[in-house]
Every structure is written in C-alpha cells, then in structure tokens.
Amino acid sequence: PRRPPSERPAIIDQFASLLELEYEAGPVYRIPPALPLDPSVHIEADLARLVDANPGNWHPIEWRELLTGQLGPVTIATVDDRVASICHTPRPVTRFTAEAGVWTHADFRGRHFASATVAAWSHAPFGDRHLFYSTSHDNLSSQRVAARSNLIFLGWTHRLARPEDDLLFHPLCSLRS
C-alpha cells in the first residue's frame, strides 16, 4: 500500500541498522528567485560588524568564515546588534543549485525573522541556479517558514548516510580539512 511520504517504510529501519547508516527524510521546496523582502526586518548589510556577535552555536573559525562569505551566501537579521536569524548555504553551491539553511535564536522565533532572512538570501547573486529549502519531517517550525515564504513544495528527500562527526561543521569550513 502507498504511504504518505512522511511515513517511512519499515524496511528502511532494517537496512539502516544492517548497514550502520542513519536515515533522515523531509520535505524539499523550491525558492522562487528574489522573494519579496520584509522591510520590517533589519538584514545586516555589513557582516564584518557582527564579528563579535556569534550567537554561540558556531565555532569561532566557522563564524568568521561565514561572515566573510567563504561558506557561501549568507543573510543575517539583527535586533539591537543581536543576531536574530541566519539564512546560510549549508552545502556547497553547485553549478545548478544552492540550498538555504535557517537558524533562528530562541528569543526571536515565531516572529517571521526566518522567512525574512530566506527572502533576503534569495536575492544573492546565484545566477540561473535553482534555489532549494529542505527540512526534516518533524521540523514543523521550518515547514511553517516554507509556507509563510510561499515556497513551492517539490516532494520528499529520503537519505541513508554514514554518521560522520565532522558534519558538525560546514562542508567548506577549514576546520574539516
């Protein structure tokens, strides 16, 4: 019988266990180019100003590389010089695609900062690349960001992968080499 994509087949757990792999799944959305910007949210234009504003969830070297663009395009919403939300590029930009990743500080969640940073990120010079936003099946907040941003639902991704400790850092971060 056909199952909704949010329900994984039981056989997946058996394969994952047998092969010592981790399973993750979730919806994926297309980001239309140049989403409308939210003028009520301050997107920091001078990222160098934020060198001492690391919200604490980035390694200092990774934070510096994020702010200098070494990890790909990034947009950061601030409130009173505090980082409220970040839309970054969690995987390397390819010839055809770029993917958005969002983090919002707990003090600012539910206030549309995430969708504002996604909109600003969509204005980065990506050329003709297809822009994507994906999340896990159980991250309902992230799915609400996609809905609020009017992203276009494409389908579900299902991934079996080896667990890797170094995935704690961005794939382009110098700490991974």
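Everything below is about the structure printed above this text.
Okay, so let's go over this structure. This structure is a prediction, so every number in the text was calculated from the model and none was measured. (Residues numbered from 1 in each chain as written. Predicted model: local features only at pLDDT ≥ 70, side-chain atom pairs only at ≥ 80, totals over all residues. Heavy atoms only, no water.)

1. Thoughts on the overall build of the chain
The secondary structure content of the chain amounts to four helices and six strands. The secondary structure elements of the chain, listed N-terminal to C-terminal, are α-β-α-β-β-β-α-β-α-β. Against the compact-globule benchmark of 16 Å for 177 residues, the chain has a radius of gyration of 17 Å, which places it among compact chains. Its C-alpha atoms put the chain at 50 × 35 × 35 Å along the principal axes. Here the chain, with 177 residues, has 40% of them falling under the buried criterion. (Helix = DSSP H or I, 4+ residues; strand = E, 2+ residues; numbered from the N terminus. Rg over C-alpha atoms; globule rule 2.2 N^0.38 Å. Buried < 20%, exposed > 50% of the residue type's maximum accessible area, 1.4 Å probe, protein only.)

2. A look at the nonpolar core
Counting residues in each nonpolar core, the largest one holds 17 residues, and the members touching the most others are Ile 31, Val 118, Trp 121, Tyr 133 and Leu 151. Contributions of two or more residues to this core are made by strand E1 (22-31), strand E4 (97-104), helix H3 (113-121), strand E5 (130-134) and helix H4 (140-148). If one sorts the elements of this core by residue count, H3 sits on top with four residues. Setting aside anything within four residues of it in sequence, one finds Tyr 133 in contact with Pro 27, Val 28, Tyr 29, Ile 31, Ala 100, Val 102, Val 118, Ser 142, Val 145, Ala 146 and Leu 151. In this structure, Leu 47, Leu 50, Val 74 and Cys 173 belong to the second largest nonpolar core, which totals 14 residues. (Core = buried A, V, L, I, M, F, W, Y, C linked by side-chain atoms within 4.5 Å. Contact = heavy atoms within 4.5 Å.)

3. Focus on the pairing of strand E3 (residues 82-88)
Counting buried positions along E3 gives six out of seven residues, so the element sits mostly inside the fold. Of the strand pairs in this sheet, strand E2 (residues 75-79) and E3 are connected by five bridges, and their pairing is antiparallel. Within the sheet, the bridge partner assigned to Ile 76 lies in E3 and is Ile 86. Turn length for the E2-E3 hairpin, with the two strands adjacent in sequence and antiparallel, is two residues, and the turn residue Asp 80 shows positive phi of about 50°. As judged from the four bridges shared by E3 and E4, these two strands associate in the antiparallel manner. Looking at the pairing, Ile 86 lines up with Trp 103 of E4. (Pairing = 2+ DSSP bridges.)

4. As for a nonpolar patch on the surface
A cluster of nonpolar side chains, Ile 11, Phe 15, Leu 18, Leu 19 and Leu 160, forms an exposed patch at the surface whose accessible area comes to about 480 Å². With respect to the element layout, Leu 19 can be found in helix H1 (residues 10-19). Given the relative accessible area of 45%, Leu 19 is considered partly exposed. (Patch = residues over 30% accessible without salt bridge, like charges linked within 9 Å, V, L, I, M, F, W, Y side chains within 5 Å. Areas by Shrake-Rupley, 256 points an atom, 1.4 Å probe, with all protein chains shown as cover. Salt bridge = Lys/Arg side-chain N within 4 Å of Asp/Glu carboxyl O.)

5. As for helix H2 (residues 60-67)
When H2 is considered as a whole, its buried residues turn out to be Glu 62, Trp 63, Glu 65, Leu 66 and Leu 67. Those residues of H2 that are buried lie in contact with E2 and E3.

6. Looking at the pattern of salt bridges
Under the defined criterion, the tally for this structure stands at five salt bridges. The shortest N-O distance in the salt bridge between Glu 44 and Arg 49 comes to 3.2 Å. When its relative accessible area of 9% is taken as the criterion, Glu 44 is described as buried. Assessed through its relative accessible area of 45%, Arg 49 is described here as partly exposed. A salt bridge links Asp 81 to Arg 49; the nearest nitrogen and oxygen atoms lie 2.6 Å apart. Of this pair, Asp 81 sits in the loop between E2 and E3 while Arg 49 sits in the loop between E1 and H2, and the two are 32 residues apart along the sequence. For Asp 81, a relative accessible area of 49% corresponds to the partly exposed category. Here the salt bridges share partners, and the residues they tie into one network are Glu 44, Arg 49 and Asp 81.

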